[in-house]
Amino acid sequence: MTNNSLKRQQIISFVAIASTITACSISPQLGLNKPLSKSHIGQVQAHPAKSQINAQLPPVKVENPTFTVPAKFQGKTVYKMQPSNNEKVIALSIDDGPWPKTTLEMLDILKQNDVKVTFFWVGQALQANPDIAKREVAEGHAIGNHTWHHWYRQMDEATAKSEIDRTADLIYKTTGVKTALFRPPGGFLNNGLAAYAKSQKDAVIMWSLTSADTDPHAKPQAFVNNVLKGAKPGSIVLMHDGGGDRQRTVQALPQIISGLKQQGYRFVTIPELLKMAQ
Ligand SMILES: [Zn+2]
């Protein structure tokens, strides 16, 4: 044991004794001549021993989150949620990243506004941008699986399995995250992907409200209007941070957040939303 760690333990022991005495309400007026009762002595002696054990334990390893879904949503398709008390909660979901520049700009906006969202990652994009992915997790956002190639076409089971499992493996290897949230590219539910995800007890997460931010001709204000006019308690909102130039979505995001806040909405991740269901 080094001198430093020995000193640290002594300090910890001293603090434990001092706090025990305070907790026992032994007032300073208690004269030195007056002996401590047996129960007080017992407590004073017990705490330093416990602290010494704690001081020798290795630091607690923080595990990255596992995004589970309640049993009733496992293997099911979800479009929105009905919060139990009709509370004004809403979940933003952001697809097709992680993506250079736009994801980082969105993360900055989300952080400034203390908003947590759910990102659905494409395996190929994750492979190209692992550090952006790590930041998303570190900043408390939820993560879902959005396949490896973002294919829309019909797939046999082996291909569907590969699209989803390969992405899940990379999500875990990159960030330590496991997720039971799956979103099929393009929202296609009949090309084999959703069937495989359901067989694995994932929840297939669709959306009830789209910003329509993939419209190449619309202005950012249109995305803002789409969301603010359509918002309802329990809505799942679709937006994109990758898969193309999403600068207009970045421009729309601050107004989407402030407008929803003005309407009285609180932002939750999709796992949080599912846990609030009736
Ligand atoms: Zn997508």
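See the structure shown above.
Just so it is clear, the structure is predicted and the values come from calculations on it, not from any experiment. (Residues numbered from 1 in each chain as written. Predicted model: local features only at pLDDT ≥ 70, side-chain atom pairs only at ≥ 80, totals over all residues. Heavy atoms only, no water.)

### So, the packing of helix H8 (residues 220-230) against helix H9 (residues 247-262)
(1) Moving on: Between H8 and H9, whose axes approach to 8 Å, the crossing angle comes to 35°. Viewed along their axes, H8 and H9 form a crossing whose handedness is right-handed. Across the interface between the two elements, Pro220, Gln221, Phe223, Val224, Val227 and Leu228 from H8 touch Arg248, Thr249, Gln251, Ala252, Gln255, Ile256, Gly259 and Leu260 from H9. (Axes fitted to C-alpha atoms, helices over the stretch in contact; angles between N-to-C directions. Helix = DSSP H or I, 4+ residues; strand = E, 2+ residues; numbered from the N terminus. Left-handed = near helix turned anticlockwise from the far one by under 90°. Contact = heavy atoms within 4.5 Å.)

### Looking at the coordination of the zinc ion
(1) Moving on: Within the protein, Asp96 (OD), His146 (NE2) and His150 (NE2) serve as the donor atoms for the zinc ion, at 2.0 to 2.1 Å.
(2) Moving on: Along the chain, the residues donating to the zinc ion fall in the pattern D-x49-H-x3-H. Of this pair, Asp96 sits in strand E3 (residues 89-97) while His146 sits in the loop between strand E5 (142-145) and helix H6 (157-175), placing them 50 residues apart in sequence. For the pair Asp96 and His146, one class covers both residues: buried. (Donors = N, O, S within 2.8 Å, 3.2 Å for Na, K, Ca; no water. Buried < 20%, exposed > 50% of the residue type's maximum accessible area, 1.4 Å probe, protein only.)

### With respect to the nonpolar core
(1) Moving on: In this structure, Leu92, Phe119, Trp121, Ile143, Leu253, Ile256 and Leu260 are the most contacted members of the largest nonpolar core, which totals 37 residues.
(2) Moving on: Counting residues per element, this core draws most heavily on H9, at 6 residues.
(3) Moving on: Contact partners of Leu92, with chain neighbours within four places excluded, come to Val117, Thr118, Val237, Met239, Leu253, Ile256, Leu260, Phe267 and Val268. (Core = buried A, V, L, I, M, F, W, Y, C linked by side-chain atoms within 4.5 Å.)

### Notes on the environment of Pro98
(1) Moving on: Note on placement: Pro98 falls in the loop between E3 and helix H3 (102-112).
(2) Moving on: Of the residues examined, Pro98 reaches a relative accessible area of 0% and is grouped as buried.
(3) Moving on: In this structure, the C-alpha to C-alpha distance between Pro98 and Gln127, residues 29 residues apart in sequence, is 8.9 Å.
(4) Moving on: Leaving out residues up to four positions away in the same chain, Pro98 has contacts with Thr103, Trp121, Ala125, Leu126, Asn129, Ile132, Ala133, Glu136 and Asp241.

Remember, this is a structural readout, not a statement about activity or role.
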